[in-house]
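A structural walkthrough
Residue strings, one per chain:
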Amino acid sequence: RADVLTIGEAMATVRCAGPLRLGGDSRVSVSGAEANVAIALSRLGHATRWAGAVGDDEPGELILRTLRAEGVLTDHIVRRADASTGLLLRDVAPGGRARVHYYRKDSAASTLSWEEVRPAVDAGQAGLHLTGITAALGPAPLEAIGAAAEHARRTGAWVSLDVNHRSLLWTRDAAARTLRPLLPYVTVLIASDDELAIVAEGDGERDRVAGLRDAGVEEVIVKRGAAGASYHGARGSFDVPALPVPVVDVVGAGDAFTAGYLSGRLDGLDAYGRLERATLLGAACVACAGDWEGLPTRAELTALALRDGETLR
Ligand code: ATP
């Protein structure tokens, strides 16, 4: 039994320092929102299982090896001989803007089915973490996460959903139509402030949160980048500021933040403590290069949590 099961697509990721068309040095790593969350949780000592499909290829080996090295449970990963692992190329456009190029159409993960995921769900978990990205991959992954959510709730697990809208994969309208039916299964909804309108009607944050709570969502967490985050739950709402850190690479901050929140939930922290841990992980992520490489272990978390002026002796 895992503390958390997450289901999604992980991709081999190639990062270039400048425009890709110029060639030059690059760095190869692994990314994917659910894999980022799984690694972050595993580093904090939570038993975390990642379920997904990879190709029978070198990028697939890289993903398996990375997840194993990070202590993530990899016992329910599907290998496909007839499809490739998804690929993500990141480069920097002239002018300095970061760009993302996906090669994930017809990837191994795009046909991930409920039959393939079911054994991972049946292995048991305290919580199931899903993202809107998996829902965007195709009809089979969408069906898989819907059934997984239903099954998890029926067996007493909580379900978290990070809207994680990816405009390269689908439109906001398609995301709205697809994600709203999942809400009755969602315990914790996580969204950026501009993503709330995808999953809820209403004019402002207050209205939208009220709609989500009426749909059965217990907690709504709103991410606002460097401006911090907000919590909305049964006992009310509050804001937390982001931790000021030197910004090196903001990609992955949302996943780190989510993992911090879920870790706090698993540890039985109150809402404020969960947001504090989320904020700490988000800040740790932006202060280092890579989506998950700079995230703390449990021991490092304690050191990071020390207030200004305190020294670890
Ligand atoms: P991504 O899609 O890149 O993973 P996101 O849009 O889902 O990001 P953000 O709102 O950018 O998520 O960031 C999540 C959290 O990380 C914020 O609520 C904040 O706590 C922390 N964070 C983000 N940017 C910064 C920053 N510049 N400085 C400190 N903390 C940050």
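Read on for an overview of the structure. (Residues numbered from 1 in each chain as written. Predicted model: local features only at pLDDT ≥ 70, side-chain atom pairs only at ≥ 80, totals over all residues. Heavy atoms only, no water.)

1. Quick word on the packing of aromatic side chains
Selection rule: Classification of ring pairs rests on two measures: the distance between centres of Phe, Tyr or Trp rings, Trp counted by its six-membered ring, which must be within 6.5 Å, and the angle between planes, read as stacked under 30 degrees, edge-to-face over 60 and tilted in between. The cut-offs for exposure are 20% and 50% of the maximum accessible area for each residue type, with area from a 1.4 Å probe on protein chains only; residues under the lower value are buried, those over the upper are exposed, and the others partly exposed. Strands are runs of DSSP state E lasting at least 2 residues, helices are runs of H or I lasting at least 4, and numbering of each runs from the N terminus. Comment: the charge-over-ring label is applied if NZ (Lys) or CZ (Arg) is within 6 Å of the ring centre and within 35 degrees of the ring normal.
For the coordinates displayed, the defined rule picks out 2 aromatic pairs. Taken together, a centroid distance of 5.1 Å and an interplanar angle of 25° make the contact between Tyr231 and Phe238 stacked. A relative accessible area of 8% places Tyr231 in the buried class. Between Phe238 and Tyr272, the ring centres sit 5.5 Å apart and the planes meet at 40°, which makes this aromatic pair tilted. With a gap of 34 residues between them, Phe238 in strand S14 (residues 236-240) and Tyr272 in helix H10 (residues 271-286) connect regions that are remote in the sequence. The partly exposed category is assigned to Tyr272, whose relative accessible area is 42%. Through a chain of ring-to-ring contacts, three or more aromatic side chains come together here, namely Tyr231, Phe238 and Tyr272. The residue whose ring lies beneath Arg104 is Tyr102, and the NZ or CZ to ring-centre distance is 4.6 Å.

2. Section: the packing of H10 against helix H11 (residues 298-305)
Keep this limit in mind: Only the contacting stretch of a helix is used when fitting its axis, a line to C-alpha atoms as for every element, and angles between N-to-C directions run 0 to 180 degrees. Orientation is classified from the angle alone, with under 35 degrees giving roughly parallel, over 145 giving roughly antiparallel, 65 to 115 giving roughly perpendicular, and any other angle giving oblique. Residue contacts are counted whenever heavy atoms from the two residues lie within 4.5 Å of one another. Nonpolar residues are Ala, Val, Leu, Ile, Met, Phe, Trp, Tyr, Cys and Pro. Charged residues are Asp, Glu, Lys and Arg, and all others, Gly as well, are polar.
For the pair H10 and H11, the least separation of the axes is 11 Å and the interaxial angle reads 100°. Taken as axis vectors, H10 and H11 run roughly perpendicular relative to one another. Of H11, the residues touching H10 (which contributes Arg277, Leu280, Leu281 and Ala284) are Arg298, Leu301, Leu304 and Ala305. By residue class, the composition of the contact of H10 with H11 is 6 nonpolar, no polar and 2 charged.

3. Considerations on the site of the ligand
Where we set the bar: Whether a residue is near a molecule or strand is decided by its heavy atoms; if any one of them lies within 4 Å of it, the residue is near. Identification of polar contacts relies on pairs of N or O atoms within 3.5 Å, with a donor-acceptor requirement for protein atoms, meaning one able to donate a hydrogen and the other able to accept it, and with residues adjacent in sequence counted only if both atoms are side-chain atoms. For the area figures, the Shrake-Rupley method with a 1.4 Å probe applies, and any residue is considered shielded solely by the protein chains shown. Site definitions follow a grid-based scheme: protein atoms alone, a 1 Å grid, a 1.4 Å probe that fits but cannot get out for cavities, and for pockets an open set with protein on both sides within 12 Å along at least five of seven lines, plus lining residues having an atom within 4 Å of a point. A pocket or cavity is taken to hold a molecule when more than half of that molecule's atoms are within 2 Å of the pocket's grid points.
Around the ligand there are 22 residues in total, and Lys223, Gly225, Gly228, Leu243 and Gly254 lie nearest to it. At 2.7 Å from an oxygen atom of the ligand is found a main-chain nitrogen or oxygen belonging to Gly225. Note that an oxygen atom of the ligand is positioned 3.4 Å from one of the backbone N or O atoms of Gly252. Protein chains bury 85% of the 630 Å² of accessible surface belonging to the ligand in isolation. Because more than half of its atoms lie within 2 Å of the grid, the ligand is assigned to the largest pocket. A breakdown of the residues in the shell around the ligand according to their chemical character gives 12 nonpolar, 7 polar and 3 charged.

4. A look at the sheet that holds S14
To keep things clear, this is the line we draw: Any two strands between which DSSP finds at least two bridges are classified as paired.
In spatial order, the strands read S4-S1-S9-S10-S11-S12-S13-S14; together these 8 strands make up an open sheet with mixed pairing. Looking at the sheet topology across the chains shown, the edges are occupied by strand S4 (48-51) and S14. Strand after strand, the sheet turns through a mean of 15° between neighbouring axes, direction not considered. Bridge count for strand S11 (residues 188-192) against strand S12 (residues 219-223) is 5 bridges, and the pairing is parallel. In the strand pairing of S12, Ala191 is matched with Val222.

5. Some details on the pattern of salt bridges
Worth spelling out the cut-off: Just to be clear on terms, a salt bridge is a Lys or Arg side-chain nitrogen sitting within 4 Å of an Asp or Glu carboxyl oxygen.
Applying the stated criterion across every chain, the model contains 21 salt bridges. With a closest N to O distance of 2.6 Å, Glu201 and Arg180 form a salt bridge. Taken together, the positions of Glu201 in the loop between helix H7 (196-199) and helix H8 (205-214) and Arg180 in the loop between helix H6 (172-179) and S11 put the pair 21 residues apart, joining distant regions of the chain. The exposure class of Arg180 is partly exposed, given its relative accessible area of 25%. Across the pair Arg265 and Glu219 runs a salt bridge whose closest N-O atoms are separated by 2.7 Å. Linking Arg265 in helix H9 (residues 253-266) with Glu219 in strand S12, this pair joins segments that are 46 residues apart in sequence.

6. Description of the environment of Trp114
As for its position among the elements, Trp114 is in helix H3 (residues 114-122). Other than its neighbours up to four places away in sequence, Trp114 contacts Val121, Ala144, Ala147, Ala148 and His151.

7. Focus: the layout of surface pockets
Counted only if it meets this: Grid points are joined across faces, edges and corners, and a volume is the space filled by probe spheres set on the points.
Taken as a whole, the largest pocket holds about 1100 Å³ of empty space. Lining the largest pocket are 47 residues, with Val250, Val251, Gly252, Ala253 and Gly254 sitting closest to its centre. When the residues that make up the lining of the largest pocket are grouped by side-chain class, the tally is 21 nonpolar, 14 polar and 12 charged.

8. Topic: a nonpolar patch on the surface
Heads up, the condition is: Patch membership requires over 30% relative accessible area and the absence of a salt bridge. Like charges are linked within 9 Å, and nonpolar side chains (Val, Leu, Ile, Met, Phe, Trp, Tyr) within 5 Å.
A cluster of nonpolar side chains, namely Val247, Val250 and Val251, defines an oily patch on the protein surface of about 260 Å² accessible area. Relative to the assigned elements, Val247 resides in the loop between S14 and H9. When its relative accessible area of 61% is taken as the criterion, Val247 is described as exposed.

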